[in-house]
Amino acid sequence: MATMESLIGLVNRIQRACTALGDYGGADNAFSSLWDALPSVAVVGGQSSGKSSVLESVVGRDFLPRGSGIVTRRPLVLQLQKTEEGQQEYAEFGHLPRRRFTDFAMVRKEISDETERVTGKTKQISPVPIHLSIYSPNVVNLTLIDLPGLTKVAVEGQPESIVQDIENMVRSYVEKPNSIILAISPANQDIATSDAIKLAREVDPSGERTFGVLTKLDLMDKGTNALDVLEGRSYRLQHPWVGIVNRSQSDINKNVDMIAARRREREYFASSPDYGHLANKMGSEYLARLLSKHLESVIKARIPSITSLINKSIEELESEMDHLGRPIAVDAGAQLYTILELCRAFDKIFKEHLEGGRPGGDQIYGVFDNKLPAALKKLPFDRHLSIQNVRKVVSEADGYQPHLIAPEQGYRRLIEGALNYFRGPAEASVDAVHFVLKELVRRSVGECQELKRFPSLQSTIAAAANEALERFREDSKKTVIRLVDMESSYLTVDFFRRLPQEVEKAGNVAGANAAAATNVDRYAEGHFRRIGSNVSSYINMVSETLKNTIPKAVVYCQVKEAKQCLLNHFYTQIGKKEGKQLSDLLDEDPALMERRLQCAKRLELYKTARDEIDSVSWAR
């Protein structure tokens with residue numbers, strides 16, 4: 001049979017671990033759902049209702065700040081852990097891990113100081129909780145949340161909204177389905193005016209989660225009692241009401257021992273003519289046992305859902321650990337292997353971009369299919385082959401003696417001048433593809449999840465890839481310029497050999513008269529127009545050729561090389577590096593290292609919790 005201590009102690013350990021890992025509070029926290037799934041007791045009451053005294057009676061220690069007005073200005077998450085008899089009592093704060101407080105007066109001071117660190121020396125409130133664990137043989141395993149006292153009016157130094165702010169804060173705790181509500185009401189006030197009962201009724205109308213506590217029974221007017229409330233006649237709850245007798249202000253001033261105060265409380269109920277018949281169900285010790293027993297039953301019922309949530313969290317954490325990667329080995333061989341594997345992962349993504357598995361590679365085709373043809377069409381051949389320029393070039397080519405049959409030197413100079421224009425689009429195609437490849441490198445580095453762990457290696461690989469692309473670009477430029485120069489160095493003779501026959505057929509009108517007309521035409525506008533037209537036809541032929549050969553050269557010199565040899569030079573260099581240099585490359589992002597550490601701690605917490613829950617479940 002699973003014991004009460006094992007079940008509630010398990011929940012307390014999980015909650016403390018969640019607190020230590022920062023897994024409590026905040027809607028954006030991915031793990032806060034585990035905390036919310038674990039039951040805890042929210043202590044609710046109006047100002048001066050005796051909340052602090054009830055908590056101190058349950059703990060058996062005087063440790064809470066006291067005073068007038070709003071004393072509790074931040075939620076206090078109080079986790080009680082029962083220890084073996086004879087062990088020293090001590091307390092630990094979540095914001096001061098591994099520091100033990102054995103003087104509970106110092107605990108009270110630290111609660112006040114920590115409250116002021118967030119709220120300042122004002123009467124403001126804050127929803128940021130203080131986490132306090134108390135280890136003692138005189139407590140039962142419980143998690144209690146002390147909340148600011150409900151109030152009806154704002155006092156000097158407080159904003160008008162504070163009444164609603166406190167209610168909203170308290171409501172955010174008690175409306176959770178796994179929250180057990182400890183509603184504190186003073187016996188010397190009408191229960192119908194109880195702020196705690198009013199709020200509990202709104203969030204828990206069936207009363208299944210509400211425990212009513214009646215304080216200050218010893219301060220009621222003589223001749224009156226609270227039996228109507230304690231016996232459920234005034235206001236019935238699913239669970240029995242519990243009466244508490246707090247320490248008097250005189251006892252507090254005299255620092256009366258809490259154990260002695262518990263003894264006086266027992267004696268009060270045992271000797272009371274009004275409450276004697278309820279003595280075994282009254283007092284702070286009974287309240288602690290009652291809450292602990294109820295918590296046990298709630299936890300037993302919630303074990304399947306808690307287990308399911310923990311298993312889901314473990315799966316998510318293991319997935320995240322795989323995503324973050326495992327710690328790196330320290331020996332040089334393993335580090336070199338890791339670097340090469342990361343390079344291959346990057347290279348794989350880069351190739352997927354080029355080959356179409358990922359977007360981006362199609363932009364290279366766009367350079368060849370759109371940008372290059374558009375650039376070729378925009379070349380200023382109309383100006384170069386205008387009648388004025390053709391006449392000028394042909395005349396200058398003939399020198400002092402005019403050509404006899406065909407102006408060959410004029411043709412050659414016109415063609416060479418036109419072919420020079422092709423250098424611009426050829427080089428621009430190389431640059432355009434280069435920029436596409438650089439962008440694909442940038443994307444691939446960013447998309448390689450494994451590389452995100454190592455900013456130094458990430459930037460080194462990117463630099464090495466870009467250096468390689470620069471080399472490929474230079475080779476590609478040399479090649480495409482050679483293609484243009486080759487067109488200039490050797491003209492296609494057959495094209496021009498066909499021209500005289502075509503001209504003769506076109507001009508064959510009347511035999512000798514046509515020949516005479518042709519001789520005259522050599523010096524007229526039509527002659528130069530025909531020369532420009534012939535050169536234009538040849539240039540168009542070359543343009544079509546280059547439109548096909550430039551993409552081939554660019555792909556061969558840049559794209560193919562990038563696909564096959566992008567990191568070859570880097571591989572050669574990395575193989576020469578020493579262990580320290582390899583370690584520097586694998587210097588992880590500190591934020592990511594911290595994230596992995598926290599993830600590993602959470603994973604260990606959840607696995608431990610799962611194992612403990614399994615052992616408790618089998619023992620049930």
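What counts, and where the lines are drawn
Residues numbered from 1 in each chain as written. Predicted model: local features only at pLDDT ≥ 70, side-chain atom pairs only at ≥ 80, totals over all residues. Heavy atoms only, no water. UniProt positions renumbered as here; feature names shortened; annotations may be inferred. Helix = DSSP H or I, 4+ residues; strand = E, 2+ residues; numbered from the N terminus. Contact = heavy atoms within 4.5 Å. Areas by Shrake-Rupley, 256 points an atom, 1.4 Å probe, with all protein chains shown as cover. Core = buried A, V, L, I, M, F, W, Y, C linked by side-chain atoms within 4.5 Å. Buried < 20%, exposed > 50% of the residue type's maximum accessible area, 1.4 Å probe, protein only. Pairing = 2+ DSSP bridges. Axes fitted to C-alpha atoms, helices over the stretch in contact; angles between N-to-C directions. Parallel < 35°, antiparallel > 145°, perpendicular 65-115°, else oblique. Nonpolar A, V, L, I, M, F, W, Y, C, P; charged D, E, K, R; others polar. Disulfide = S-S within 2.5 Å. Expected span 1.5 Å × (residues − 1). Phe/Tyr/Trp six-rings, centres within 6.5 Å; stacked < 30°, edge-to-face > 60°. Lys NZ or Arg CZ within 6 Å of the ring centre and 35° of its normal.

The name given to the protein in an unreviewed UniProt entry is Dynamin-related protein 1E, and the organism recorded there is Cinchona calisaya. The annotation that UniProt attaches to the protein under Subcellular location (unreviewed entry) is "Cytoplasm, Cytoskeleton, Phragmoplast". You can read under Subunit (unreviewed entry) in the UniProt record for the protein the words "Forms homodimer and may homooligomerize and heterooligomerize to form the phragmoplastin complex. Binds to PHIP1."

Novice: Help me understand the overall build of the protein in this model?
Specialist: The secondary structure content of the protein amounts to 23 helices and 9 strands. Within the protein, contacts between residues at least 6 apart in sequence are counted, and of these 81% link residues at least 24 apart. Counting every atom, the protein has about 31,000 Å² of accessible surface; 51% of that belongs to carbon and sulfur.

Novice: Quick question: what am I supposed to make of the nonpolar core here?
Specialist: Note on soluble globular proteins: their nonpolar side chains tend to be buried together. Membership of the largest hydrophobic core comes to 72 residues, with the highest contact counts inside it found for Ile339, Phe346, Phe422, Leu457, Leu566 and Phe570. With sequence-adjacent residues up to four places away left out, Leu566 is seen in contact with Phe346, Asp347, Phe350, Val441, Ala464, Ala465, Ala468, Leu469, Phe472 and Glu561.

Novice: Explanation requested: the pairing of strand S1 (residues 40-45) in the structure shown.
Specialist: For a regular strand, side-chain orientation follows a simple rule: the groups alternate between the two sheet faces. Of all the 6 residues making up S1, 6 are buried; the element is thus mostly covered by neighbouring parts of the structure. With burial as the criterion, each face of S1 is covered, one bearing Ser40, Ala42 and Val44 and the other bearing Val41, Val43 and Gly45. Bridging between S1 and strand S7 (residues 179-186) involves 6 bridges; their strand directions are parallel. The residue of S7 that forms the bridge with Val44 is Ala183. In the sheet, S1 pairs with strand S6 (residues 142-146) via 3 bridges, with the strands oriented parallel. Along S6, the bridge assignment pairs Val43 with Asp146.

Novice: Even after reading the chapter, I still don't get the sheet that holds strand S8 (residues 210-215), so can you show me in this structure?
Specialist: Strand pairing in a sheet relies on backbone hydrogen bonds, with the paired strands running either antiparallel or parallel. The strand order across the open sheet formed by 9 strands is S4-S3-S5-S2-S6-S1-S7-S8-S9, and the pairing between neighbours is mixed. Of all the strands in the sheet, the pair left with one neighbour each is strand S4 (96-101) and strand S9 (242-243). Relative to S8, S7 runs parallel, the two being bridged by 6 bridges. Looking across to S8, one finds that Ile184 is bridged to Val213. The strands touched by helix H6 (residues 195-203) within the sheet are S1, S7 and S8, with S7 carrying the most contacts at an inclination of about 155°.

Novice: What should I look at first to understand unusual backbone geometry in this one?
Specialist: Trans peptide bonds make up most of the peptide bonds, and negative phi angles are found at most residues other than glycine. One non-glycine residue, Arg98, lies in the positive phi region at around 70°. Along the chain, the position of Arg98 falls in strand S4. With relative accessibility at 75%, the residue Arg98 sits in the exposed group. Notably, Lys216 is not glycine yet its phi reads approximately 60°, a positive angle. Structurally, the position occupied by Lys216 is in the loop between S8 and helix H7 (227-230).

Novice: Looking at this model, I keep getting lost on the environment of Gly243. Mind explaining?
Specialist: Mapping Gly243 onto the fold places it in strand S9. With relative accessibility at 0%, the residue Gly243 sits in the buried group. In sequence terms Gly243 and Gly283 are 40 residues apart; their C-alpha atoms lie 5.9 Å from each other.

Novice: Sorry, what's going on with the packing of helix H14 (residues 387-398) against helix H20 (residues 525-565) here?
Specialist: Axes are the key here: two packed helices are described by the angle between their axes and the distance separating the axes. Two elements in contact, H14 and H20, have axes whose closest approach is 9 Å; the angle formed by their N-to-C orientations is 90°. Classified by the angle between their axes, H14 and H20 sit roughly perpendicular to one another. Side by side, H14 and H20 meet where Ile387, Val390, Arg391 and Val394 of the first sit next to Glu525, Phe528, Arg529, Ile531 and Gly532 of the second. Here the contact of H14 with H20 is composed, by residue class, of 5 nonpolar, 1 polar and 3 charged.

Novice: Would you mind showing me how to read the state of the cysteines here?
Specialist: In protein structure, a disulfide is the covalent linkage between the sulfur atoms of two cysteines. Following the criterion strictly, the structure yields 0 disulfides and no others. Considering cysteine sulfurs only, Cys448 is the nearest to Cys343, which forms no disulfide, with 9.1 Å between them. Given a relative accessible area of 0%, Cys343 falls into the buried group.

Novice: Where do I start with helix H12 (residues 362-377) in this structure?
Specialist: For an α-helix, 3.6 residues make a turn, and residues three or four places apart therefore share a direction. The terminal C-alpha atoms of H12 lie 22 Å apart, and with 16 residues this matches the ideal 22 Å at 1.5 Å per residue to within 8%. Among the residues making up H12, those that are buried are Ile364, Gly366, Val367, Phe368, Leu372, Pro373 and Leu376. Tucked into the core, H12 has its buried residues touching helix H11 (332-355), helix H13 (381-384), helix H16 (423-447) and H20.

Novice: Before we go on, may I ask you to explain the packing of aromatic side chains in this structure?
Specialist: To describe a pair of aromatic rings, one takes the distance between the centres and the angle between the planes. Applying the stated criterion across every chain, the model contains 8 aromatic pairs. Arranged with centres 4.7 Å apart and planes meeting at 15°, the rings of Tyr90 and Tyr135 form a pair that is stacked. Within this pair, whereas Tyr90 is found in strand S3 (residues 90-93), its partner Tyr135 is found in strand S5 (residues 130-136), the two being separated by 45 residues in sequence. For Tyr135, a relative accessible area of 12% translates into the label buried. Put simply, the rings of Tyr268, Phe269 and Tyr275 touch in pairs and so form one group of aromatic residues. Lys176 extends its terminal NZ or CZ atom over the ring of Tyr173, reaching a point 5.4 Å from the ring centre. Over the ring of Phe435 we find Arg473; its NZ or CZ atom is 5.9 Å from the centre of that ring.

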